[in-house]
Amino acid sequence: MPPRISPSRLSHPETCQCFRTRPCEALVNRQFHASARHETLLRRDMWKWLKGPGKAFRKPLPSSTNYLGAYDKQGQLARMKMRNDGDGGERTSREAEPMEDEDAAARRDMEDEGLSEDDRTLRAEQRAMARATRDADVEEMDDREGIPKERLTDLRPYPLNQAFRSQSVLSEDLREMIYMQAVENGHDLASVAATFGVDIRRVAAVVRLKTVEKEWEAEGKPLAKPYSTAMLNMLPTTPFRPNTKNPVTPHEPINDLPVHPHTRAQIFHPTSESRSFTRADAAKIFDRKLLPADDRIPLPMLVDLERWKLQGLDRAARGKLQVEKDTAARELAENKERKRIAWEQKTQRTVPGRRWDFKFQDVSAEQVGKDGRALPGRDAVGMRYGFPHVDRKRGVVKIPTSVE
Amino acid sequence: MVLRLRLARVSTPGGARRHAPLYNIVLAHARTARDSLPLEVLGTYNPIPKLPAGYSESDVKEGKARKAKDIKVDVARAKYWLGVGAQPSDTVWRLLSMIGLLEPKYLPTGPQTEKALKAVRFPTHLPNSQASTSREGAVMEAIKEAAAAKQA
């Protein structure tokens, strides 16, 4: 039987592009054999791709993403090829100069008379840290079976959409750590967000979901662990590596100012040149109630920190200022809570009955708003009489604003 | 004319509905219609016990949560009107006696003597620290005391 595929087609470079989008000029050049039907060609192409460049996708890479964009047209991992072409990799250079062992280094330090005892312990700690970092690196490399880490260009799952990059997700360790810091150690979410370089909303979500997870574990409900491990193996993750030089890898920009809908309008506002026009004034022009950008920033303490650095304050002074700010914030929060509790004690009573409780709240019947038609149940007590209801009017909020 | 503190049925915020009663606690002339314009609105009473947020019926059955009826009342105004002789209806009497504005009219069980009624006058209008710390409430305490007295 004659070969069914012409040599010209075989010499055509294999691509990792989807076989439907492959250019098919080769079909025109076919010398013999009546042209096969379209579907047959497609199927043939599919098998060719599966046996050729597509073979790489049959088994996923360990601890790495496995996107089309990371392979070249021959189906070879681009970053592997680059490392082999280059003069040795990161790993070989590191292996070339092995670290001297702890005993030798300690002995050398002891012999050096210029060092005090504190210096020696400090140096020992530094050496331990460096060793832990190297061990973690080596372990990570072994996990990936010697394949180098993805470059930014390798994180494109769709070869036709070059602008799309797969974003990292939080690793299991990091999520656990965030939960521990926020719930068990009781740090506020803003500090946790700043420490781990994770958006404050994401921190809140992690805490909520972890709480549910722990509850389910306590109840003995099965978790979809195999699913989550499979997903985490396929996606790029932000690691948390305790006891290394850089335990925290920043996950995302955390102090971006969210675009408030009120600021989307393009406003031309004439002011006199002599007037100082600040961001606070700009906010007022956008909307009467809009806070200035400085107050809307998610983590204002990071701005403070940077400002103190620019002022040239040293580390100790900055720490002192930080502690002062933290104390003030804590006192403010405690004061608010105390006031709330006092108010509840003053106005609320629960009288237990046989089947249900009676919850009494002392209200003021005179608070009915300026026009006497404040929203009953929310701002005023009781249903008002003699007014038509406005709850079907345009622009009046009809959805409940709280859960009861 | 006699002034009465009574309940007036009002439509729910979403519009009038059957089986979803909601009452205003009002001050009105005794001979006016129940739902007519009152002299003053003192509060609201929702007679349907509500689950606390985040709990389900099964939690109530297991004893993890308790349902509660919501009552909002302007205590100062209610006190004033009682002081000038407004007559509470039976239901309003029962509610106001719970927060100690009035003596309860009757006890669920036991001897209905004046002394017993005075004894269960709920101290809930006092600050929480002075109020009885017992979870059971004055009514249950009175019932238990009566039972103990019977046994003895």
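Counting starts from 1 at the beginning of each chain's written sequence and moves along it residue by residue. Chains and ligands are labelled by the order in which they are written, letters from A for the one and numbers from 1 for the other. Restriction of local features to residues with pLDDT of at least 70 applies here, the model being predicted, together with a cutoff of 80 or more for giving and counting side-chain atom pairs; totals for whole chains, interfaces and linings are based on all residues. In computing side-chain properties, one takes all heavy atoms of the structure into account and sets aside hydrogens as well as water.

Okay, the nonpolar core next. Within the largest apolar cluster, 25 residues are counted, with the highest numbers of intra-cluster contacts made by A:F360, B:L5, B:V73 and B:L96. Secondary structure elements are taken from DSSP: a helix is a run of H or I of four residues or more, a strand is a run of E of two residues or more, and numbering for both begins at the N terminus. Going through the elements one at a time, β4 (357-362) of chain A together with β1 (3-9), β2 (23-29), β3 (40-45), β4 (68-73), α2 (75-83) and α3 (90-98) of chain B are the ones with two or more residues in this core. Not counting the four nearest positions on each side in its chain, A:F360 is found in contact with A:T347, A:Q348, A:R349, A:V351, B:I71, B:V73, B:L95, B:M98 and B:I99. By nonpolar core we mean a set of buried residues, namely Ala, Val, Leu, Ile, Met, Phe, Trp, Tyr and Cys, connected to one another through side-chain atoms within 4.5 Å. Accessible area is worked out with a 1.4 Å probe on protein chains only. A residue is then buried under 20% of its type maximum, exposed over 50%, and partly exposed in between. Ranked by size, the runner-up nonpolar core spans 15 residues in total, among them A:L170, A:L174, A:A182 and A:V198. Two residues qualify as a contact provided that any one of their heavy atoms is within 4.5 Å of a heavy atom in the partner residue.

Residue and element names in this part refer to chain A. Overall, the prediction assigns chain A a mean pLDDT of 82, with 82% of residues at 70 or greater. Averaged over each element, pLDDT in chain A is lowest for helix α4 (residues 90-96) (47) and highest for helix α9 (residues 200-219) (95). Predictor confidence is given residue by residue as pLDDT, running from a minimum of 0 to a maximum of 100. Low pLDDT (under 50) marks residues 10-16, which in the prediction has 18 contacts with non-local residues, meaning those over four places away or in another chain. Contacts for the low-pLDDT stretch residues 88-96, under 50 throughout, to residues beyond four places or in other chains number 7 contacts.

Turning next to the pairing of β2(B). All names here are of chain B. Counting buried residues in β2 gives 6 out of 7 residues, a clear majority hidden from the surface. Pairing between strands is defined by DSSP: at least two bridges between them are needed. For β1 and β2, the ladder comprises 7 bridges, and the chain directions are antiparallel. Bridged to R6 within β2 is V26. Taken together, the 5 bridges between β2 and β3 define a ladder with antiparallel strand orientation. Considered in β3, the bridge of I25 is made with G43.

All names here are of chain A. Put simply, helix α7 (residues 172-184) and α9 touch, their axes get as near as 9 Å, and they point 90° apart. Put simply, α7 runs roughly perpendicular to α9. The segment α7 lies against α9, with E172, R175, E176, I178, Y179, A182 and V183 engaging V203, V206, V207, K210, T211 and K214. Under the grouping applied here, Gly and all other residues not named as nonpolar or charged are polar, the nonpolar ones being Ala, Val, Leu, Ile, Met, Phe, Trp, Tyr, Cys and Pro and the charged ones Asp, Glu, Lys and Arg. Split into classes, the residues belonging to the contact of α7 with α9 amount to 7 nonpolar, 1 polar and 5 charged. Here the axes come from fitting lines to C-alpha atoms, over the contacting stretch only for helices, and the angles between their N-to-C directions go from 0 to 180 degrees. Under this scheme an angle from 65 to 115 degrees is roughly perpendicular, one under 35 degrees roughly parallel, and one over 145 degrees roughly antiparallel; angles in between are oblique.

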